[in-house]
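Below are the chains, spelled out letter by letter.
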Amino acid sequence: MKTVFLGLGFGVFCANLGFLAAYTFLPLYTLKLGASMAEVGVLLAVYSVVSTIMMVVLGRISDIGGLRRVLIVLGLSGSTTVYWLLGASRSYTQLLLLWGLLGVTDSAYRPAAVAVIAEITSRTKVGRDIGIFNAFISAGMAAGCLVGGVIADLYGLAFVFTVASLVLIMGVVSSLV
């Protein structure tokens, strides 16, 4: 149980590191490709709209016997691919479609991971363990902003997405335990 908890914890740490690295610098990358400020706003909203719908749908699907672990691995793997493609994008339309797809892939693992943590935790420690799990998420977010900034300074905006993808590979592997 502890191995699963730590594996998923590190997996969501990596996922949120990648997400915040990408999310922090996506507006600058989008502007660099020639988009307007309004288009940047639409782009950022697309992820939230898609994930709002898909978290409910995929959360419900994760309740079907044995699919939680599958959705976690598929979601993290899908996000890995999307980040890689975002770094190769050369148009606003590509960014828009991929950012929306990221809303789907992220929605596959997020509710399923929390459900697994709740499932493997004793009833008397659910709040504590979900709190610790959420600390992995917050730490990943903080690290993502920092790592993204350093990478953008050293290697350029597009490489931030490549690094997000590479970090997420570690998250996929750790979630397999």
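Remember, it's a predicted structure, so these values are computed and weren't measured experimentally. (Residues numbered from 1 in each chain as written. Predicted model: local features only at pLDDT ≥ 70, side-chain atom pairs only at ≥ 80, totals over all residues. Heavy atoms only, no water.)

S.K.: Before we go on, may I ask you to explain the overall build of the chain in this structure?
M.R.: In terms of helices and strands, the chain carries 6 helices and 0 strands. The order of helices and strands in the chain, counted from the N terminus, is α-α-α-α-α-α. Since a compact globule built from 177 residues should have a radius of gyration of about 16 Å, the 16 Å found for the chain is in line with a globular shape. Over its C-alpha atoms, taken along the principal directions, the chain stretches across nearly 50 × 30 × 25 Å. (Helix = DSSP H or I, 4+ residues; strand = E, 2+ residues; numbered from the N terminus. Rg over C-alpha atoms; globule rule 2.2 N^0.38 Å.)

S.K.: What exactly am I supposed to notice about helix 5 (residues 126-155) here?
M.R.: Each turn of an α-helix holds 3.6 residues, which means side chains three or four residues apart point in the same direction. When the terminal C-alpha atoms of helix 5 are compared, their 42 Å separation across 30 residues agrees well with the 44 Å that a helix rising 1.5 Å per residue should span. Turning to helix 5, its buried residues are Asp129, Phe133, Ile137, Gly140, Ala143, Gly144, Gly148, Ile151 and Ala152. Buried residues along helix 5 sit against helix 1 (2-32), helix 4 (92-120) and helix 6 (157-175). Positive backbone phi, at 100°, marks Gly156, one or two positions downstream of helix 5. (Expected span 1.5 Å × (residues − 1). Buried < 20%, exposed > 50% of the residue type's maximum accessible area, 1.4 Å probe, protein only. Contact = heavy atoms within 4.5 Å.)

S.K.: Just checking my understanding: could you explain a nonpolar patch on the surface for this structure?
M.R.: Together, Trp84, Leu85, Leu166, Ile169, Val173 and Leu176 line one region of the surface with nonpolar side chains, adding up to about 580 Å² of accessible area. For the nonpolar patch, the secondary structure elements donating two or more residues are helix 3 (67-88) and helix 6. Considering each element in turn, the nonpolar patch owes the most residues, 3 residues, to helix 6. With respect to the helices, strands and loops of the structure, Leu85 is situated in helix 3. (Patch = residues over 30% accessible without salt bridge, like charges linked within 9 Å, V, L, I, M, F, W, Y side chains within 5 Å. Areas by Shrake-Rupley, 256 points an atom, 1.4 Å probe, with all protein chains shown as cover. Salt bridge = Lys/Arg side-chain N within 4 Å of Asp/Glu carboxyl O.)

S.K.: In this structure, what is going on with the packing of aromatic side chains? I would like to understand it.
M.R.: Pairs of aromatic rings are described using the distance from one ring centre to the other and the angle between the two planes. The full count for this structure, using the stated rule, is 9 aromatic pairs. When the ring of Phe19 is compared with that of Tyr23, the centres are 5.5 Å apart and the planes differ by 25°; the resulting orientation is stacked. One end of the pair, Phe19, and the other, Tyr23, are both in helix 1, 4 residues apart, so they sit about a helical turn from each other. The class for Phe19 is buried, based on a relative accessible area of 9%. (Phe/Tyr/Trp six-rings, centres within 6.5 Å; stacked < 30°, edge-to-face > 60°.)

Note that every value here comes from positions in space, so none of it alone points to a role or purpose.
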